[in-house]
Amino acid sequence: MRRSLKGLMIGLLTMVCAVQPAVADEFVVSDIEVEGLQRVSAGSVFSAFPVDIGESVDESELGDAIRTLFRTGLFTDLEASRDGNVLILTVRERPAISSIEIDGNKAIETDMLMEALNSAGLQEGQVFRRATLERLELEILRSYVSQGRYNARVNATAEDLPRNRVAVSLNINEGSVAAIQHLNIIGNNEFSDDTLLDLFELRESSLWSSLTSADKYARERLSGDLETLRSFYLDRGYLDFSVESSQVSISPDKKEVFIALALNEGPQYTISEVRLRGELIVEKEELEKLIFLEPGDTFSRAAVTNTAELLSRRLGREGYTFANVNPVPETGPDNTAVVTFFVEPGKRAYVRRINFEGNVSTRDDVLRQEMTQMEGGVASTDRIEFSKSRLEQLGFFKTVDVETRPVPGTDDQVDVTYSVEEQPTGSLSASVGFSQVSGAILGANISENNFLGSGKRVAIGANFSESVKSANFSYRNPYYTVDGVSRGFSLFARETDFEEQDISSFLLDEYGGNLSFGYPIDQISRLNFGVGYTRSEIQAGSFTSKDVREFIDEEGNEFDNFFLNASWRRSTLNRGILPTAGFSHSLSGDVAVPGSDLTYFKLSHRTDFYQPLDEDQRWIFRARSELGYGDGYGDRNLIPFYEHFFAGGYGSVRGYEANSLGPRARPSDNDLSDPDPFGGNVLTEGGVELIFPTPFAGDTRTMRTSFFVDAGQVFDPDRNFDPELDEVRLSVGIGFQWITAVGPLAFSLAKPINDQSGDETEVFQFSLGQGF
């Protein structure tokens, strides 16, 4: 006999369970059959249904089991019946989502909306729940309201399709962002409305604010402005400051917003005492040197926070990576406050493992060479951060991030993970460029700074221009030894037509090679030593100057010279290209040793300094200088003329033609043109720049704009052109640098300040395809 038990008749919002009166007591289930399945597998039903074959159940237990199965959310209706001892489950599945379409959205991207739908369980192939769709419809509408789009509309529909499927559509009308008609502040006695409103990102409606969208209301922007306002007061000693209320009113047409802020400024507090409490691992006197707060100073939350960070970093240097320094200000009488820094160092942490992520091409051992933090050693925040800086200076990576993660199950071990994003480190190219100095430039170059991911540099190339024809090969291993000793060598051959570079008329053919070694002094300083050989041949031109001809007559035109060279460099620059912080000092010397056809030396000193002016390092002050001196020794007291220093042009003193400053050559008798530049043995150059964000360009790593002042001159006392301050040439202007896909691009607009008669000036200068 077939008896029916109405288990559950469920609507989308109400569940009703009707169980017919039993005519028999409990029974033993001999089999379970499921009817009505389309997409849901029988296994999913059996795993969720808490009754197995062979179990004895009564109608009450069966009702509970059906309720458990319904709570899976897979079905809209369930019915249980018996055929003897066979239990039959008849189900009606919820429809499946066949497709999801979103239309009308611009302010919120489709991918973000789809991600919200997926996280709510609404995605193609999943079970459809109308209640979930309606709830998500409200959440999307709230997101638009938080952006100030009070007249936004979201209409969600579900169209029934054959085979128990639905097509979900979201039709969005985003509306417009409400404009701020009025922003009123009350309760401010110490600071004017204008002073406080200048801190805000939000602005009242005006022609300019409407163009910049500063008058468009958004809840997040208002919250950010209120936090800026709190910081402003707390940094000026108003410890009791609070925003009593912030009211936002909307016009009837929902197009305008009125904001009213009520402030409680409270009194201004000064510091009466600064205390250190807790477990002071480091000597108290040393920690006190890091506290820049003094009794009598006006309280400043920024200064207190910075001091806490300095103390934490000092403890981190000793291995207390998770040290906590909690500053607590306590107000007292006469508007004074006692600031107490509670130090909780925790346990000293050790580095279990250093991991690298994102280095697809670069081998791990190349990165490990740059680590100053060692595995198994005390975890030092300074060493961890410095290792990150060394990775950035390699030039192999676009970004470098570091994360210190506690090792699960321990309280004194950490794993340090460096995540890098690689960037191209070499090129295989045929290039075309142009320089006002060298003219058209044709080149074929193979260069790789990270050869096969080994960190070694290999380069081979040939370049041709109107003034220079050259070929070269070079190799450098920065870690020839594990101690950081580098080794490199180079071979070169070049022919230079100095007449094409606006220098005296002659040709210079050279070929040679160099072998060099570098030794690290410390983490930021290196010494380099090398030996080299150069074969030089001079060919006089049609209008070669008297100075060149006299040199050839006295010394000949072919020379074999052997060199010893040495250099020292100290650098804290944060990037290899277009740095934004740090300094670089270098001193170098080259000596043509006895036994060479010509004996002379050259010394150079260069400095480069970058100081960020804001936290984002977009406004930067730069100062640079270069000094050079050369002379002969032994039987000669002059440096060869083709080794002279030159000044003027891009990279030197902009606004003056390249290589045009300094002494002039004595023209030949048949040369009626103006005397050509001849250079000198004393060089002085310098400049300052204000680097600022390039308008309408967000990427500061590949693009740079600056205002500059350049100064420089070349002198030669042996030719009666002694170093004098009034002979130094000055210029001002604006410059632009851009690392493009085809090579570096640079140009400048400069105005000479104190040019004299005979100076060759040039307002616009540029270079494409040459390094900065």
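Residues take numbers from 1 onward in each chain, read along the sequence in its written order. Whole-chain, interface and lining totals are the exception, using all residues; otherwise, since this is a predicted model, local features are given only for residues with pLDDT of at least 70 and side-chain atom pairs are given and counted only at 80 or more. Excluded from the side-chain calculations are hydrogens and water; all other atoms, namely the structure's heavy atoms, are used.

Draft legend 1. How the structure looks around the overall build of the chain. Counting from the N terminus, the helices are the DSSP runs of H or I reaching at least four residues and the strands are the DSSP runs of E reaching at least two. Along the chain, the regular secondary structure elements total 12 helices and 35 strands. A 1.4 Å probe rolled over the protein chains alone gives each residue an accessible area, and that area as a share of the maximum for its type sets the label: buried under 20%, exposed over 50%, partly exposed in between. Counting over 772 residues, the chain shows a buried share of 41%. Two residues form a contact once any of their heavy atoms are found within 4.5 Å. For the chain, long-range pairs separated by at least 24 residues make up 59% of all intrachain contacts whose partners lie at least 6 apart in sequence. If you sum the accessible surface of the chain, you get close to 39600 Å²; carbon and sulfur atoms cover 51% of it. Only the protein chains shown count as covering a residue, and every accessible area follows the Shrake-Rupley method with a 1.4 Å probe.

Draft legend 2. Inspection of the pattern of salt bridges at higher detail. By convention in these notes, a salt bridge is any Lys or Arg side-chain nitrogen within 4 Å of a carboxyl oxygen on Asp or Glu. Counted according to the given criterion, the structure contains 31 salt bridges. In this structure, the salt-bridge partner of D382 is R317, at a minimum N-O distance of 2.7 Å. Taken together, the residues D382 in helix α11 (residues 381-393) and R317 in helix α9 (residues 301-317) connect sequence positions 65 residues apart. Residue class for D382 comes out partly exposed when judged on its relative accessible area of 24%. For R405, the salt bridge identified is with E403, shortest N-O distance 3.1 Å. The class for R405 is partly exposed, based on a relative accessible area of 31%.

Draft legend 3. Quick look at the side chain of E93. Structurally, E93 is set in strand β7 (residues 86-93). With relative accessibility at 3%, the residue E93 sits in the buried group. Two N or O atoms count as a polar contact when they lie within 3.5 Å, although within protein this holds only if one can serve as hydrogen donor and the other as acceptor, and sequence-adjacent residues are included solely when both atoms are side-chain atoms. At 3.0 Å, the side chain of E93 forms a polar contact with the backbone nitrogen of V40. Excluding residues within four positions of it along the chain, E93 makes contact with G36, L37, Q38, R39, V40, L74, F75, T76 and N164.

Draft legend 4. Examining the packing of aromatic side chains more closely. Ring pairs are drawn from Phe, Tyr and Trp, using the six-membered ring of Trp, whenever the two centres fall within 6.5 Å, and their geometry is named by plane angle: stacked under 30 degrees, edge-to-face over 60, tilted for the rest. Throughout the structure, instances matching the rule amount to 27 aromatic pairs. Their ring planes at 75 degrees and their centres at 6.0 Å tell us that F191 and Y238 sit as a pair that is edge-to-face. One end of the pair, F191, is in the loop between β11 (179-186) and α5 (193-197); the other, Y238, is in the loop between α7 (219-234) and β12 (242-250), with 47 residues separating them in the sequence. Side by side, F191 and Y238 carry an identical accessibility label, which is buried. Both rings, one in Y233 and one in Y238, keep their centres 5.4 Å apart while their planes meet at 80 degrees; by these two values the pair is edge-to-face. What makes Y233 buried here is its relative accessible area of 0%. The exposure class assigned to Y238 is buried, which follows from its relative accessible area of 5%. Taken together through their ring pairs, the aromatic side chains of F191, F232, Y233, Y238 and F241 make up a single cluster.

Draft legend 5. Quick peek at the sheet that holds strand β13 (residues 256-264). Any two strands are treated as partners once DSSP identifies two or more bridges connecting them. In spatial order, the strands read β11-β13-β12; together these three strands make up an open sheet with mixed pairing. With one partner strand each, in any of the chains shown, β11 and β12 form the two edges of the open sheet. Mean inter-strand twist for the sheet, computed between neighbouring axes without regard to direction, equals 15 degrees. Pairing of β11 with β13, which is carried by seven bridges, proceeds in the parallel orientation. By the bridge assignment, I185 is partnered in β13 with L261. Axis lines are fitted through C-alpha atoms, for helices just across the contact stretch, and the angle between N-to-C directions can take any value from 0 to 180 degrees.

Draft legend 6. View of the side chain of S652. Mapping S652 onto the fold places it in the loop between β30 (620-632) and β31 (682-692). Overall, S652 belongs to the buried group, its relative accessible area being 5%. The contact partners of S652, leaving out residues within four places of it in the chain, are R624, A647, E685 and D710.

Draft legend 7. Focus on α11. For α11, built from 13 residues, the straight-helix expectation of 18 Å at 1.5 Å per residue is met to within 8% by its first-to-last C-alpha distance of 19 Å. Taken together, the buried positions of α11 are T381, I384, S387, K388, R390 and L391. Summarising the contacts, the buried residues of α11 are in contact with α9, α10 (364-368), β18 (397-406) and β19 (413-422). Backbone geometry just after α11 places G395 at a positive phi near 85 degrees. By definition here, a helix of n residues has an expected span of 1.5 Å times n minus one.

Draft legend 8. Structural detail: the confidence of the model for the chain. On average, residues of the chain score 84 in pLDDT, and 90% of them reach the 70 mark or higher. Confidence scores differ between elements of the chain, with strand β1 (residues 2-10) showing the lowest mean pLDDT of 35 and strand β29 (residues 600-612) the highest of 96. pLDDT is a residue-level measure of predictor confidence that goes from 0 to 100.

Draft legend 9. Just the nonpolar core, in detail. With 22 residues, the main nonpolar core has L196, Y217, Y233, I259 and L263 as its most contacted residues. When residues of this core are traced back to their parent elements, those giving at least two are β11, α7 and β13. The element best represented in this core is α7, accounting for five residues. When residues no more than four places from it in sequence are discounted, the contact partners of L263 are I185, I186, G187, N188, L196, L229, Y233, F241, S242, V243 and E244. Nonpolar cores are built from buried Ala, Val, Leu, Ile, Met, Phe, Trp, Tyr and Cys residues. Side-chain atoms within 4.5 Å join them into one set.

Draft legend 10. Main features of helix α12 (residues 546-555). Inspection of α12 places D547, V548, F551 and I552 among the buried residues, and these make up the whole buried set. Viewed end-on, α12 has its buried residues packed into an arc of 135 degrees, placing them on one side of the element. Within α12, the exposed residues directed more than 90 degrees away from the buried face are D553 and E554. This arc corresponds to the set of directions leading from the helix axis out to the C-beta atoms.

Draft legend 11. Summary view of a negative patch on the surface. Patch membership requires over 30% relative accessible area and the absence of a salt bridge. Like charges are linked within 9 Å, and nonpolar side chains (Val, Leu, Ile, Met, Phe, Trp, Tyr) within 5 Å. Just so you know, the count uses Lys and Arg for positive and Asp and Glu for negative, and it drops His and the chain ends. Note on charges: their place is set at NZ of Lys, CZ of Arg, CG of Asp or CD of Glu. A contiguous patch of negative charge on the surface is contributed by E26, D52, E55 and E61. Within the element layout of this structure, E61 appears in helix α2 (residues 59-70). Of the residues examined, E61 reaches a relative accessible area of 38% and is grouped as partly exposed.

Draft legend 12. Local environment of the environment of Y480. Relative to the elements of secondary structure, Y480 occurs in the loop between β23 (468-477) and β24 (486-497). For Y480, a relative accessible area of 40% gives the class partly exposed. Along the chain, Y480 and K456 lie 24 residues apart, while their C-alpha atoms are 9.5 Å from each other. Engagement of the side chain of Y480 in a polar contact is seen with the side chain of R487, the distance being 3.4 Å.

Draft legend 13. Representation of the sheet that holds β18 within the structure. The strand order across the open sheet built from three strands is β17-β19-β18, with neighbouring strands paired in mixed fashion. One side of each edge strand has no neighbouring strand; the edge strands of this open sheet are β17 (350-357) and β18. Neighbour to neighbour, the strand axes of the sheet diverge by 15 degrees on average, direction disregarded. Bridging between β17 and β19 involves seven bridges; their strand directions are parallel. Residue N355 lies in a different strand from β19, and its bridge partner there is T417.

Draft legend 14. Looking closely at unusual backbone geometry. Despite not being glycine, K254 shows a phi value in the positive range, around 60 degrees. Inspection of the secondary structure assignment puts K254 in the loop between β12 and β13. For K254, a relative accessible area of 33% translates into the label partly exposed.

Draft legend 15. Main features of the packing of α9 against α11. Interhelical geometry of α9 versus α11 gives an angle of 90 degrees and a closest axis separation of 6 Å. Between α9 and α11, the interaxial angle falls into the category roughly perpendicular. Between α9 and α11, the contacting residues are R313, G316 and R317 on the first element and T381, D382 and E385 on the second. Three classes are used, and their members are as follows: Ala, Val, Leu, Ile, Met, Phe, Trp, Tyr, Cys and Pro are nonpolar, Asp, Glu, Lys and Arg are charged, and the others, Gly among them, are polar. By residue class, the composition of the contact of α9 with α11 is no nonpolar, two polar and four charged. Small angles under 35 degrees read as roughly parallel and large ones over 145 as roughly antiparallel, with 65 to 115 read as roughly perpendicular and the rest as oblique.

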